[in-house]
Amino acid sequence: MSPTTIGPLSLRDRHIATLKQMLNLNVPLTKSTNTELAWKILVYDELGQDIISPLLTVKELRDSGVTLHVPLKSERDPVDEIAAVYFIMPTKENIQRITKDFRDNLYDNYYLNFIAPIPRDLLEDLATSALEFNCQHHISKIFDQYLDFITLEDELFCLRQTGRDNVSYYALNRGDMQDTDMERLISTIVDSLFSVCVTLGSVPIIRCPKGEAAEVVGERLDKKLRDSLRDTRNSLFSADSMSSGALSFQRPLLVILDRNTDLASLLHHTWTYQALAHDVLDFKLNRVEIEEVDETNSGTASTTTSKSKTKRRSYDLISTDQFWKQQKGNPFPIVAESIQEELERYRNSEDEVKRLKSAMGIEGDAQDLAISMLNDNTTKLTNAVSSLPELLEKKRLLDAHTNIATALLDHIKKRKLDVFFETEEKLMTKQVQEKSLMEVLSDPTCGTSEDKLRLFLIQYICSPMMTQSELDQYITVLKGSNCNIDPVLYIKRWKSISKMSVVSQAREGGTTTMGMFSNLMNKASKFAMEGVKNLVVKQHKLPITKIVDNLMESRSSPETDDYRYFDPKLLRATDSANTARNRQAFNDSIVFVIAGGNYIEYQNLQDYAKARSTISSKRIVYGCTELVNATQFVEQLSKLGRDLS
C-alpha cells in the first residue's frame, strides 16, 4: 500500500510514510485528522524489525500509538481490548505462528500486514486456521504492503540484513548452486525491486548488461511491472504521475548491475568517515558499536589488573544528526578537524553560560541551571541559556563522534590504513609507488594479514596479466604473513572464466598528501594524529559510476552500448539500444548491484550526482542485495576458494 503524497519525496520519506499509515491501521494520514489515537501492539519478524529500526525510533512508535513492540517468535501474553498490528513476511513458519496466536486468543483485533504479497496457498492456510479457532471476526484487515527492502538513507537501500547469506556473492556464485536455489534468489531480488518501484510510485526504464544475473532480473522485473500496469483494476501504478512520486517529473532510469562488474571496490581500504566506520567497526542498520574503556571501573582496574576493562557502546548515526549528515562523506582528516572545531565552539558557548552564572551568583552545572530557570526572572541569563537543550544535545552528539573518531584513529594507526589506502589508490590508477607491492606485503609492521591480502587481491584483479611465477612469489610472501590464500585461488579461477574485462576494473583518480594536520597539531586536540598521512582524495569515478554516467547521459560507449533496454510502459516489449540512445538524458536513477554493495560506491555515486547537479539536478538512489564490508567479502571469497579445492 503506497500512501498518497504531494511533491517529490525521498525513498526514505516514502518508506516512513507507508509505515506510519500502516501503524494508523492503514487509514491515510492527513493533517486534518482529529481522530483519537488508537493504541496497539506491534508484532514483527526479523525482517520487519530490520525494516523498521533504521526508520522509526521508539518515541516515533509511541507517537503512532504503539504501546508495545515484540518479535513474532517471542512468548506473548493475551492482551484485551487492543489491536495487534503484524508486520511480517508471508512464510509458512510465520503463518503457523499466527495460527498459534489465534489458538491462544491473544488479541481482540488482528491487522495483518505482509511485507511482500502473500501467496494464495498461505492465505488459504490462514483462513482455515481462523475458521478452526473461530476467530475470523477478530481479523480486521489483511494488507500486502510491498515494503520488501531496508531503507537506510534518503538515497540508500539494501534487501537484507538478517538472512543476508541467501542473497550474498557466495550464494550467487557457489559451485553447488541448484536451479531451485537460483530461482528463489532471483525471485527475491525481483520482488524487492518491484517493492522499491511501488514505494517510489514510479515505473522506471530498465538497463542491464547481457549474460549475467542482472539480465534475468531485468527481464523478470519488466514482466512483473508490465503485468501490474495491464491490470487496471488492481494496478499499483494506476495513479503513476511523477508529481506524486518520489523522484522528479521525468521517469527514472533503473540500472541493474552484477557485482563482478567491479570486485576491487569491495576490497578497497577507504578514507571517508562513513565507509571507514563500515570497514573497521561494527556498523549495521545505521548503528555503530565500539569498544570503550569503562571509566566506572577504571579506578579499581588499575589496582587489580594492568588492563583497563572495556564495554561495548552503540551509537545511532541518523539523518537528524547534522554533523553526521554533513561529514559522513568527507575524508577522515577533515572529519577529525571538524570535530575539534565544533568542540571549541561548544566550549566557548559553555564558558559564556558559566560566566553569566557566576556574575548572577548562581552555582551548579548546566542541567541544574535549566531547572533553576523556572523561577529565575533574570532576562539576561534566560536569553543566554535559551538554547541550553540544543547545546546539551550538541554536546551529546559531539561526544559520540569523538568516541567513534577515536576508535577509527586507533585502527588507522595500528594497521597503517593510510598507507594501504594510498598504495591501493596508486595501484588502481597506475601512479608511481613509494614502496613496491612486495615491500608492503613483506613489512611485518604494516597492517594485518587481511589488510595485505586485500591489497594483493586488488593488484591481482586490476592487472591484465600476471604470470604464474609472479603469482607463486606473491603467494609465498602472503603465506609468510599468515594470509589465507583461498580467496586468491577463487580470483584466479574467476579471471580465467569471467566475461568481464579486467581492464574495466581499472579507474582514474588518485591521492595527494597535504601538509600534516595543522589545525589538530596546533591545538590541544583529542586526536593524536602524528604519523598519519593527511590524504586528500581526488574526485574520480569508480567503474559503476562510469557506467551510470554513460547510461544517464544516453552516451555511446563500448561498455554500455550492448546493455539490454526495457520499458514496461510500452505495449510491446522492445530491446533496442538505438531507442535508448535517441532518448534524452535522465535526471533520476536507481542503481542496484546484485551480490553486494558498499558505502564506497554509494558515496562515489552521490559525489557524481552532486557534481553533475551544477548543470541539471541529478538524484541517484543506490541499492544492493546486502551491504558488505571487506572482511565479510574476503570471507565469502575464501569459502568460494575452499569449494574449488
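As the structure is a prediction and not an experimental result, all values here were calculated from the model.

Draft legend 1. Quick look at the layout of surface pockets. In this structure, the largest pocket spans a volume of roughly 1,200 Å³. Around the largest pocket, the lining is made up of 44 residues, and of these R287, Y315, D316, L317 and I318 lie nearest the centre. Element by element, the count of residues in the lining of the largest pocket is highest for helix α16 (residues 388–415), at nine residues. Across the lining of the largest pocket, the residue classes break down as 17 nonpolar, twelve polar and 15 charged. Two domains share the lining of the largest pocket, each providing at least three of its residues, namely domain 1 (11–147) and domain 3 (270–292 + 312–357 + 384–415).

Draft legend 2. Representation of the sheet that holds strand β10 (residues 282–284) within the structure. An order of β10-β11-β12 is seen for the three strands of this open sheet, with the pairing classed as antiparallel. Pairing within the sheet leaves two strands with one partner each, and these edge strands are β10 and β12 (310–316). Within this sheet the neighbouring strands show an average axis-to-axis angle of 25°, counted without direction. One ladder, built from three bridges, connects β10 with strand β11 (residues 287–293); its direction is antiparallel. Bridging from a neighbouring strand, K284 pairs with R287 of β11.

Draft legend 3. Looking closely at the pattern of salt bridges. Scanning the entire structure with this criterion turns up 44 salt bridges. As a salt-bridge pair, R564 and E219 come within 3.0 Å of each other at their nearest N and O atoms. In this pair, R564 is assigned in strand β15 (residues 564–566) and E219 in helix α8 (residues 213–230), connecting sequence segments 345 residues apart. Residue class for R564 comes out buried when judged on its relative accessible area of 13%. With relative accessibility at 37%, the residue E219 sits in the partly exposed group. In this structure, E342 and R345 form a salt bridge, with 2.7 Å as the shortest nitrogen-oxygen distance.

Draft legend 4. Summary view of the packing of helix α23 (residues 543–552) against helix α25 (residues 599–612). One way to put it is that α23 packs onto α25 with a least axis distance of 10 Å and a crossing angle of 40°. Considering the relative orientation of α23 and α25, their crossing is right-handed. Contacts between α23 and α25 pair I544, T545, V548, D549 and M552 from the former with E601, N604, L605 and Y608 from the latter. Of the residues belonging to the contact of α23 with α25, the class tally is five nonpolar, two polar and two charged.

Draft legend 5. Geometry of the packing of helix α7 (residues 179–200) against α8. Between α7 and α8, whose axes approach to 9 Å, the crossing angle comes to 50°. As far as their axial angle goes, α8 and α7 are oblique. The handedness of the crossing between α7 and α8 is right-handed. Between α7, through E183, I186, S187, I189, V190, D191, L193, F194 and C197, and α8, the contact on the second element is made entirely by A213, V216, V217, R220, L221, K224, L225 and S228. Along the lines of polarity and charge, the residues of the contact of α7 with α8 split into eleven nonpolar, two polar and four charged.

Draft legend 6. Up close: the sheet that holds strand β1 (residues 40–44). In spatial order, the strands read β2-β1-β3-β4-β5; together these five strands make up an open sheet with parallel pairing. Edge strands, defined here as strands with exactly one partner in the open sheet, are β2 (66–71) and β5 (139–144). Within this sheet the neighbouring strands show an average axis-to-axis angle of 15°, counted without direction. Judged from the five bridges that link them, strand β4 (residues 109–114) and β5 form a sheet pairing that is parallel. When the sheet's bridge partners are listed, N113 is paired in β5 with F143.

Draft legend 7. Just the pairing of strand β17 (residues 619–624), in detail. Burial analysis of β17 places five of its six residues in the buried class, which makes it a mostly covered element. Where strand β7 (residues 156–158) meets β17, three bridges bridge the pair, whose relative direction is parallel. What sits directly across from C158, in β17, is C624. Of the strand pairs in this sheet, strand β16 (residues 588–594) and β17 are connected by six bridges, and their pairing is parallel. Its bridge partner being in β17, V593 is matched across the sheet by C624. Considered for its hand, the β-α-β crossover made up of β16, α25 and β17 is right-handed.

Draft legend 8. Helix α1 (residues 11–23), seen in detail. The terminal C-alpha atoms of α1, which comprises 13 residues, lie 19 Å apart, in line with the 18 Å expected from a rise of 1.5 Å per residue. Where burial is concerned, most of α1 is hidden: ten out of the 13 residues are buried. Within the span of α1, buried status applies to L11, R12, R14, H15, I16, T18, L19, Q21, M22 and L23. One or two positions beyond α1, positive phi appears at L25, with a value near 60°.

Basis of the calculations
- Residues numbered from 1 in each chain as written.
- Predicted model: local features only at pLDDT ≥ 70, side-chain atom pairs only at ≥ 80, totals over all residues.
- Heavy atoms only, no water.
- 1 Å grid on protein atoms, 1.4 Å probe; cavity = no way out; pocket = protein on both sides within 12 Å on 5 of 7 lines; lining within 4 Å.
- Points joined across faces, edges and corners; volume = space filled by probe spheres on them.
- Helix = DSSP H or I, 4+ residues; strand = E, 2+ residues; numbered from the N terminus.
- Nonpolar A, V, L, I, M, F, W, Y, C, P; charged D, E, K, R; others polar.
- Domains from an automatic or database assignment.
- Pairing = 2+ DSSP bridges.
- Axes fitted to C-alpha atoms, helices over the stretch in contact; angles between N-to-C directions.
- Salt bridge = Lys/Arg side-chain N within 4 Å of Asp/Glu carboxyl O.
- Buried < 20%, exposed > 50% of the residue type's maximum accessible area, 1.4 Å probe, protein only.
- Left-handed = near helix turned anticlockwise from the far one by under 90°.
- Contact = heavy atoms within 4.5 Å.
- Parallel < 35°, antiparallel > 145°, perpendicular 65-115°, else oblique.
- Right-handed = clockwise from strand over helix to strand, strands pointing away.
- Expected span 1.5 Å × (residues − 1).

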